[in-house]
Amino acid sequence: MDLDELVDVYWQDISPKRYRDGFDEDRDVPTYDWLTEHGYSGIAYALREHHDLTPKQFFVDVVGLEDEVSEEWEWNVEHDATVNALESYLTSIETRGGRAKSTVETHRTRLAKWVRTYRELHGTDALLEPLSELEKQPREIERCLAVLDVFDEELSTDRSKLEYLHVARAWYAFVKRRKYAKYNPLSEAGEEFGWEASEPDPQALSASQVCRIYSEIDSPEAELLVVALAGWGLRPSEVAALHVDQVVLDAEDPHLSFGDGERKNGPGEVTLLYGVDVVADRIDALSNRENWHGYLFPSRSSSTGHLSVSTIRRRFKQLADTAGVVVDGEIPTPKMGRRFWYSAYQEAVREVLEGLEGVAEDQGSSSTEVVLRNYLSREQERKARRRKMYEKLEAAFDQ
């Protein structure tokens, strides 16, 4: 899991148990003993190996629990100009870059490890000083490569190593843009190591596999779950927390609306090309319930008011298991349903372009992309894409 998913695990799975045990789930940081006793000991390993965080750092700095003994983040760096550059970078990616708070905290902890390792190797944390003179560039490149050599030994996966390199290189690029530095010592560092992202993109379900899973739905809730994942391309966390206020059943443009902070890649809309009747029927049924708070996957036992992400994952896998769907010998995950949506959309776009080949030839255009851009209005292009995508979804869901 990435940090966003681990935050979801806390609020949807761990915090209800903390509340039942008499803790203030908004303030009290779980101890390692408590996590182990309740079956969450693996979170400490995941945080250490993949995010370079202790459980306390995660719960305080990422989740945002108000630990009374915690203090403002300390870089433990004596060089004020370097501290200022680090903080300026984090502020920039959050305010101008629109990064989520959890992403900013990930960058913070990785930069802290970079500075700490650099200081242990070279006896100084004044990272900006050698960047002001070009004649020091060869020596500074060697110093930075030495830090990466340590990461190569300490970190367990190429993916983790590349993530640290990416964050550090981004910071050096930032200080160069701001004219605090004359060069970026990590600009070509990736060429020095044979690191590869070892985890491939999740495989997509096929249309026939989606159809088989959909055929096993046994309730309106299960139907909406499959449609939301494979028919709308939502993340499991977005499905779990889906609220009636996000659903806009406009006849011309039905969609889901995500505000600031509700989606990993920022605010926006998800068009409902398929399944409008499914969500409309679900809202009608739930609106007759007493004490309904608007969540489309409500839960009376959860402090959030909606199902947990782990429950969404488990129910999807149960449907896939019942349907006998297997991918590479394993029961598929919700991520594979989401991946189906993206694969289907890419195929729909390709088919729209193929349909313009004759127009391109008649107009003497160099490519179908030119026709799409210059001869079709944005509304015509949008309708063509949606029509093709609807056909893909209809093939998967209609039985």
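Scoring rules and cut-offs
- Residues numbered from 1 in each chain as written.
- Predicted model: local features only at pLDDT ≥ 70, side-chain atom pairs only at ≥ 80, totals over all residues.
- Heavy atoms only, no water.
- Helix = DSSP H or I, 4+ residues; strand = E, 2+ residues; numbered from the N terminus.
- Buried < 20%, exposed > 50% of the residue type's maximum accessible area, 1.4 Å probe, protein only.
- Contact = heavy atoms within 4.5 Å.
- Areas by Shrake-Rupley, 256 points an atom, 1.4 Å probe, with all protein chains shown as cover.
- Axes fitted to C-alpha atoms, helices over the stretch in contact; angles between N-to-C directions.
- Parallel < 35°, antiparallel > 145°, perpendicular 65-115°, else oblique.
- Left-handed = near helix turned anticlockwise from the far one by under 90°.
- Nonpolar A, V, L, I, M, F, W, Y, C, P; charged D, E, K, R; others polar.
- Pairing = 2+ DSSP bridges.
- Core = buried A, V, L, I, M, F, W, Y, C linked by side-chain atoms within 4.5 Å.

Visitor: Just checking my understanding: could you explain the overall build of the protein chain for this structure?
Guide: Along the protein chain, the regular secondary structure elements total 17 helices and 3 strands. Taking all 399 residues of the protein chain together, the buried fraction comes to 45%. Long-range pairs, those at least 24 residues apart, make up 64% of the contacts in the protein chain with a sequence separation of at least 6. Here the protein chain displays about 21100 Å² of accessible surface, and carbon together with sulfur accounts for 44% of that area.

Visitor: Could you clarify how one ought to interpret the packing of helix α10 (residues 220-231) against helix α12 (residues 276-287) in this entry?
Guide: What describes two packed helices is the angle between their axes and the distance between those same axes. Between α10 and α12, whose axes approach to 10 Å, the crossing angle comes to 140°. Put simply, α10 runs oblique to α12. Note on packing geometry: the crossing formed by α10 with α12 is left-handed. Here Glu 221, Glu 223, Leu 224 and Val 227 of α10 lie close against α12, whose contacting residues are Val 278, Val 279 and Arg 282. For the contact of α10 with α12, the class distribution of residues is 4 nonpolar, no polar and 3 charged.

Visitor: Would you take a moment to explain the packing of helix α9 (residues 207-214) against α10 for this structure?
Guide: Orientation of α9 relative to α10, taken along the N-to-C sense of each, is 160°, at an axis distance of 10 Å. The angle between the axes of α9 and α10 places the two elements in the roughly antiparallel class. Crossing angle aside, the handedness with which α9 passes α10 is right-handed. When α9 is examined against α10, the residues Val 210, Ile 213 and Tyr 214 are found in contact with a partner set consisting of Glu 223, Val 226, Val 227 and Ala 230. In the contact of α9 with α10, the residues fall into 6 nonpolar, no polar and 1 charged.

Visitor: Help me understand the sheet that holds strand β3 (residues 268-271) in this model?
Guide: By way of backbone hydrogen bonds, the strands of a sheet pair with one another, either parallel or antiparallel. Reading across from one edge, β1-β2-β3 is the order of the 3 strands in this open sheet, with antiparallel pairing throughout. Strands with a single pairing partner mark the edges of an open sheet, and in this sheet they are β1 (247-248) and β3. Pairing geometry for strand β2 (residues 255-258) and β3, over 4 bridges, is antiparallel. Bridging from a neighbouring strand, Phe 258 pairs with Gly 268 of β3.

Visitor: How do you make sense of unusual backbone geometry when you look at a structure like this?
Guide: Across residues other than glycine, the phi torsion is negative in most instances, and most of the peptide bonds are trans. Even without glycine at this site, Lys 179 takes up a positive phi of about 70°. The phi torsion at Asn 291 lies on the positive side, around 60°, for a residue other than glycine. On the secondary structure map, Asn 291 appears in the loop between α12 and α13 (309-323). On the basis of relative accessible area, Asn 291 is assigned to the exposed category, the value being 68%.

Visitor: What exactly am I supposed to notice about the nonpolar core here?
Guide: Nonpolar side chains in soluble globular proteins tend to be buried together. Counting 47 residues, the largest nonpolar core has Leu 205, Ile 213, Trp 232, Leu 234, Leu 256, Leu 296 and Phe 397 as the members making the most contacts within it. Where this core is concerned, the elements lending two or more residues are α9, α10, α11 (236-240), β2, α12, α13, α14 (334-354) and α17 (378-397). Of all the elements, α10 adds the most residues to this core, at 8 residues. Apart from residues lying up to four places away in sequence, Trp 232 is in contact with Leu 224, Val 227, Leu 242, Leu 256, Val 270, Leu 272, Tyr 274, Gly 275, Val 279 and Trp 341. Judged by nonpolar contacts, the second largest core, of 37 residues, contains Trp 75, Leu 111, Trp 171 and Ala 189.

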